[in-house]
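What follows is the residue order along each chain.
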Amino acid sequence: MNTCVAHPPISTKGHPEIMGHMPEVPMTGPAMSAARPGAAKRHQIRLVAWETTRRCNLSCKHCRAAAENQVYKNELDTKAAFTLLEQIREMGRPIIILTGGEPLLRDDIFDIAAHGTKLGLHMVMAPNGTLLTPENTERLVEVGIKRISVSLDGATAQVHNNFRGLFNAFEQTMKGIDIAKKAGLPFQINTTITKTNLDQIPAILALAEELGAVALHIFMLVPTGRGKYIVDSAIDAKEYEKTLHWFYDQQGKTSLQLKATCAPHYYRILRQRSKEDGVRVTRETHGMDAVTRGCLAGTGFCFISHVGRVQTCGFLDITCGDITRQTFGEVWENSTIFNELRNFSNLEDKCGICKFKGVCGGCRARAYEATGNYLAPEPLCSYEPTQIKKSMNA
């Protein structure tokens, strides 16, 4: 599985073109927008990650889906795939991330991408890079794929291969990246951070620059799927905070677009550090980081599984609907869980009273895995809201 539940920047005309940041989502309440002309106002849909197949040629240690190289039953067929894209288009023009598994193992993936492009959706893809060829990469460009994300979890072959479960994964990924460059297909690097590669993050950033990537997205491990079995490799709250401060410091030092994913604390840190520096956080000073928020689960983003299960995100493993039995719009608008997460006042304990809940929100998936409650406090947040500090000192 390629780590690609991400949220992208937008072009100057306001149309999302690539994976990473999400376009403007209000940070203080439910996001609303109109879809097609004449449609009633709806909750704003900006990004959909669709697991087009669970089949994968890799066996990554952290894989959310615990994907294997086998045929999975009941995956959405071409007709159902087209219908899904059409139903999503009725709700707006979000970025569609064709992910997996490995999406290039799906025979009709180019037809699906072309159909989405024809509908006016913004199509991007998350291959792992090892199966890219000059021929299929050229087809990706032809069918309207705007960007791909490729995962690198180490700056060296040894670290990356160990993480990805294939002895030559690093070599094959490097070849795939070179093919994408030659085809003129923009690519970003995604990196899942654990204790095993934490010391390599600066080198991975340098490698991403050297390779010609347009962005680097770091992902903080959420212990789901195979990730549950390497939970001891997850960095702790102190390391988490230190890493995100380092990431903030890189913003003015690199030409890469930088995005922290499954790391909502970053948007608190951004505002704390900017205040210390005497800089007001605006679109002009901080780009899309100024108008998006940390946890996007259910607010402007959702995940759809290979069999049509709808979740608020790929890591929060609770079914909120089934597009084989309901329309996408019905699930998006009416799911109880989606609507709970859209109301930030539902957050509990320290997340609920935190002044940064509108820009952070805590990772709802990490809270659920730790407590069984998706509204509980983020377990890897070391920040104590002012109200708690006052009560402790009283």
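About the thresholds
Residues numbered from 1 in each chain as written. Predicted model: local features only at pLDDT ≥ 70, side-chain atom pairs only at ≥ 80, totals over all residues. Heavy atoms only, no water. Helix = DSSP H or I, 4+ residues; strand = E, 2+ residues; numbered from the N terminus. 1 Å grid on protein atoms, 1.4 Å probe; cavity = no way out; pocket = protein on both sides within 12 Å on 5 of 7 lines; lining within 4 Å. Points joined across faces, edges and corners; volume = space filled by probe spheres on them. Nonpolar A, V, L, I, M, F, W, Y, C, P; charged D, E, K, R; others polar. Buried < 20%, exposed > 50% of the residue type's maximum accessible area, 1.4 Å probe, protein only. Pairing = 2+ DSSP bridges. Phe/Tyr/Trp six-rings, centres within 6.5 Å; stacked < 30°, edge-to-face > 60°. Salt bridge = Lys/Arg side-chain N within 4 Å of Asp/Glu carboxyl O. Arc of directions from axis to C-beta. Contact = heavy atoms within 4.5 Å. Polar contact = N/O pair within 3.5 Å; in protein donor to acceptor, adjacent residues only side chain to side chain.

## Focus: the environment of V124
Part 1 of the argument: In this structure, V124 sits in strand β5 (residues 122-125).
Part 2 of the argument: Considering only alpha carbons, one finds V124 and A113, eleven residues apart in sequence, at a separation of 8.3 Å.

## Details of empty space enclosed by the protein
Summary: where empty space remains is shown by rolling a probe the size of a single water molecule over the atoms.
Part 1 of the argument: Scanning the entire structure with this criterion turns up six cavities of 30 Å³ or more.
Part 2 of the argument: Volume-wise, the second largest cavity comes out at about 110 Å³.
Part 3 of the argument: Lining the second largest cavity are 13 residues, and of these C351, C354, C360, G362 and C381 sit closest to its centre.
Part 4 of the argument: Among the elements of the structure, α8 (265-276) and α12 (349-353) are those that each provide at least two residues to the lining of the second largest cavity.
Part 5 of the argument: Per-class residue counts for the lining of the second largest cavity are six nonpolar, three polar and four charged.

## Quick word on the pairing of strand β7 (residues 187-193)
Part 1 of the argument: The element β7 is extensively covered by neighbouring structure, given that seven of its seven residues are classed as buried.
Part 2 of the argument: The alternating pattern of β7 places F187, I189, T191 and I193 on one face and Q188, N190 and T192 on the opposite face, and all of these are buried.
Part 3 of the argument: Of the strand pairs in this sheet, strand β6 (residues 148-151) and β7 are connected by four bridges, and their pairing is parallel. Each bridged residue has a counterpart across the sheet, and for S151 the counterpart in β7 is N190.

## Points about unusual backbone geometry
Part 1 of the argument: Residue G101 is bonded to the preceding G100 through a cis peptide linkage, with omega at 20°.
Part 2 of the argument: Along the chain, G101 turns up in the loop between β4 (95-99) and α2 (109-119).
Part 3 of the argument: One non-glycine residue, D349, lies in the positive phi region at around 55°.
Part 4 of the argument: With respect to the secondary-structure elements, D349 resides in helix α12.
Part 5 of the argument: Relative accessible area serves as the criterion here: at 55%, D349 is assigned to the exposed category.

## Description of the packing of aromatic side chains
Part 1 of the argument: For the coordinates displayed, the defined rule picks out six aromatic pairs.
Part 2 of the argument: Look at W332 and F338: their rings are 5.4 Å apart centre to centre, the planes differ by 75°, and that puts the pair in the edge-to-face class. With respect to burial, W332 and F338 carry one shared label: buried.
Part 3 of the argument: Between F356 and Y383, the ring centres sit 5.6 Å apart and the planes meet at 75°, which makes this aromatic pair edge-to-face. Highlighted residues: F356 in the loop between α12 and α13 (364-371) and Y383 in the loop between α13 and α14 (386-393), separated in sequence by 27 residues.

## Some remarks on the pattern of salt bridges
Part 1 of the argument: Considering all chains together, one arrives at ten salt bridges under this definition.
Part 2 of the argument: Among the salt bridges present, the one from D317 reaches R309, with a minimum N-O distance of 3.2 Å.
Part 3 of the argument: For D317, a relative accessible area of 45% corresponds to the partly exposed category.
Part 4 of the argument: Among the residues examined, R309 registers a relative accessible area of 24% and is labelled partly exposed.

## Thoughts on helix α6 (residues 201-211)
Part 1 of the argument: Listing the buried residues of α6 in full gives I201, I204, L205, L207, A208 and L211. Mapping the buried residues of α6 onto a view down its axis gives an arc of 160°, with all of them on the same face.
Part 2 of the argument: On its buried face, α6 is in contact with α5 (169-183), β7, β8 (215-220), α7 (237-249) and β9 (257-261).

## What to know about α2
Part 1 of the argument: Listed as buried for α2 are I109, F110, I112, A113, H115 and G116.
Part 2 of the argument: Where α2 is buried, its residues touch β3 (47-51), α1 (78-91), β4, β5 and α3 (134-142).

## Some points on the side chain of S149
Part 1 of the argument: Mapping S149 onto the fold places it in strand β6.
Part 2 of the argument: Separated by 3.5 Å, the side chains of S149 and N190 make a polar contact.

## Side note on the environment of G176
Part 1 of the argument: Mapping G176 onto the fold places it in helix α5.
Part 2 of the argument: The class of G176 is buried, set by a relative accessible area of 1%.
Part 3 of the argument: Taking the C-alpha atoms as reference, G176 lies 8.7 Å from P134; in sequence the two are 42 residues apart.
Part 4 of the argument: Excluding its chain neighbours within four sequence positions, the residues that come into contact with G176 are G129 and L132.

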